[in-house]
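Letter by letter, the chains look like this.
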Amino acid sequence: MKLTIVGCSGSFPGPDSPSSCYLLEAEGYRLVLDFGNGALGALQRHIGLYDVDAICLSHLHADHCLDLCPYHVVRTYSPDGPLPRIPVHAPADAPRRLAAAYGMPDEPGMETAFDFSPLTPGTFEAGPFEVTCARMNHPVETFGFRVSYGGRSVAYSGDTGESAELVRLAADADLLLCEASFLDRPDLPTDLHLTGRQAAEHAAKAGAGALVLTHLVPWYDPAEILRDASRGGFGGRMELARSGAVYDLG
C-alpha cells in the first residue's frame, strides 16, 4: 500500500500545496481521500487524469471536496466521450451540494459521472481496500477514515476537534494522517480543529506507528506546528505533510 500526499494545505490552497487530497494505491487500484480546491492539477503529477477508481470525501467544506466539480468535467466531456461512473463515498448531501457548487440542476446533477454512496459509521470495501469510517468532531457532518490493506493501515482524521472516536479509529494504525490546523494558544475554539500538540496526543493514545501532521493553514509557520506537536507525548516518527511526499507501507 502506498500513500501519496497530493494536497495538505488547510482551509485554502497555499503557495506549495493544494487543499486536502490523499492518494492510496494497492494492486493497481487508486483511491482518493478528499478532493479539495487545487487538488486535481497536482494529482496529475502522480497518476493519469482518468485513473481514479474511487473517491472518499470526509465532509463538504470546499477545501475537502470542491475539485470534484472540475473532475466531473474530466469524466463527462473527455475527447473520447463520457467515462464510466466511479464510486464516491461522501456525506448524504454531497450530490445536491456539489451540483449547486457547479451551477447545475440537482437532476441529473453530477450523478452522470459519479455513483454517490452516503457515508455512515462502519466498514465497506473499495477495491482491495477495507475502509472504516467514523464521525469526527467538526461543525458539519464529518468522517474520518481508516484504510487497510495487506495487514497495514492508514488512519485519516479529516477535520476534527478533540475526538475519542479518532483515537479508536487510529488504534495501532501504521500511520495517522492527522489535522493540525491551530497553533497551541489559549482560548482556541472548541470542536473545530486540533493543534499540533493535540494531534500528537491523539496519536499517542491510539498507539499509531507514525504521525504525519496535515491540514496546515498557510498563515501559520509549520515549524511552530511541529514544535507544538513535540510536546504531545508521541514517541513515534513524526513529521509535517508535504505535497508530493510518498509513504510506502509495504
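Report on the accompanying structure. Just so it is clear, the structure is predicted and the values come from calculations on it, not from any experiment.

Describing the packing of aromatic side chains
Point 1. Scanning all chains against the criterion turns up eight aromatic pairs.
Point 2. Between Tyr29 and Phe129, the aromatic rings sit 6.3 Å apart at their centres with planes inclined by 70°, giving edge-to-face as the arrangement. Placement of the pair is Tyr29 in strand E3 (residues 29-35) and Phe129 in strand E8 (residues 129-135), with a sequence separation of 100 residues.
Point 3. Ring geometry for Phe35 against Tyr71: centres 5.6 Å apart, planes inclined by 50°, an arrangement best described as tilted. With a gap of 36 residues between them, Phe35 in strand E3 and Tyr71 in helix H3 (residues 68-76) connect regions that are remote in the sequence. Judged on exposure class, the residue Phe35 and its partner Tyr71 are both buried.

Overview of a nonpolar patch on the surface
Point 1. A grouping of Val73, Tyr77 and Tyr102 is seen on the molecular surface, where their side chains present a nonpolar patch of about 290 Å² in accessible area.
Point 2. With respect to the secondary-structure elements, Tyr102 resides in helix H4 (residues 94-102).
Point 3. With relative accessibility at 32%, the residue Tyr102 sits in the partly exposed group.

Digging into the pattern of salt bridges
Side chains that differ in charge, positive against negative, can pair when their charged atoms come close.
Point 1. For the structure on display, the rule yields 11 salt bridges.
Point 2. Between Asp115 and Arg85 there is a salt bridge; the shortest N-O distance is 3.8 Å. Of this pair, Asp115 sits in strand E6 (residues 114-118) while Arg85 sits in the loop between H3 and strand E5 (86-90), placing them 30 residues apart in sequence.
Point 3. What makes Asp115 partly exposed here is its relative accessible area of 35%.
Point 4. Asp228 is the partner of Arg231 in a salt bridge, and the nearest nitrogen-oxygen pair spans 2.5 Å.
Point 5. Several salt bridges converge on common partners, so that one network encompasses Lys2, Glu25 and Arg30.

Quick word on the pairing of strand E13 (residues 237-240)
Point 1. As defined by bridge partners, strand E12 (residues 210-214) adjoins E13 across four bridges and the pair is classed as parallel. Considered in E13, the bridge of Leu213 is made with Leu240.
Point 2. Between the parallel pair E12 and E13, the chain is carried across by helix H7 (residues 222-229), and the sense of this crossover is right-handed.

Focus: the sheet that holds strand E7 (residues 122-126)
The strands making up a sheet associate through hydrogen bonds between their backbones, and the pairing can be parallel or antiparallel.
Point 1. Ordered in space as E7-E8-E9-E10-E11-E12-E13, the seven strands form an open sheet in which the pairing is mixed. Two strands close off the open sheet at either side, each with one partner strand: E7 and E13. Mean inter-strand twist for the sheet, computed between neighbouring axes without regard to direction, equals 20°.
Point 2. Sheet analysis places E7 next to E8, joined by five bridges and oriented antiparallel.

Examining the sheet that holds E3
Point 1. Strands sit in the order E6-E5-E4-E3-E2-E1-E14 across an open sheet of seven strands; the sheet is mixed. Whereas interior strands pair on both sides, the edge strands pair on one side only; in this sheet they are E6 and strand E14 (246-248). When the angles between neighbouring strand axes are averaged without regard to direction, this sheet yields 20°.
Point 2. Bridge analysis of strand E4 (residues 54-56) against E5 gives two bridges, and the strand direction is parallel. For Cys56, the partnering residue across the bridge sits in E5 and is His89.
Point 3. Sitting on the sheet, H3 touches E3, E4, E5 and E6, and the angle it makes with E6 is about 140°.

So, how was this worked out
- Residues numbered from 1 in each chain as written.
- Predicted model: local features only at pLDDT ≥ 70, side-chain atom pairs only at ≥ 80, totals over all residues.
- Heavy atoms only, no water.
- Phe/Tyr/Trp six-rings, centres within 6.5 Å; stacked < 30°, edge-to-face > 60°.
- Helix = DSSP H or I, 4+ residues; strand = E, 2+ residues; numbered from the N terminus.
- Buried < 20%, exposed > 50% of the residue type's maximum accessible area, 1.4 Å probe, protein only.
- Patch = residues over 30% accessible without salt bridge, like charges linked within 9 Å, V, L, I, M, F, W, Y side chains within 5 Å.
- Areas by Shrake-Rupley, 256 points an atom, 1.4 Å probe, with all protein chains shown as cover.
- Salt bridge = Lys/Arg side-chain N within 4 Å of Asp/Glu carboxyl O.
- Pairing = 2+ DSSP bridges.
- Right-handed = clockwise from strand over helix to strand, strands pointing away.
- Axes fitted to C-alpha atoms, helices over the stretch in contact; angles between N-to-C directions.
- Contact = heavy atoms within 4.5 Å.

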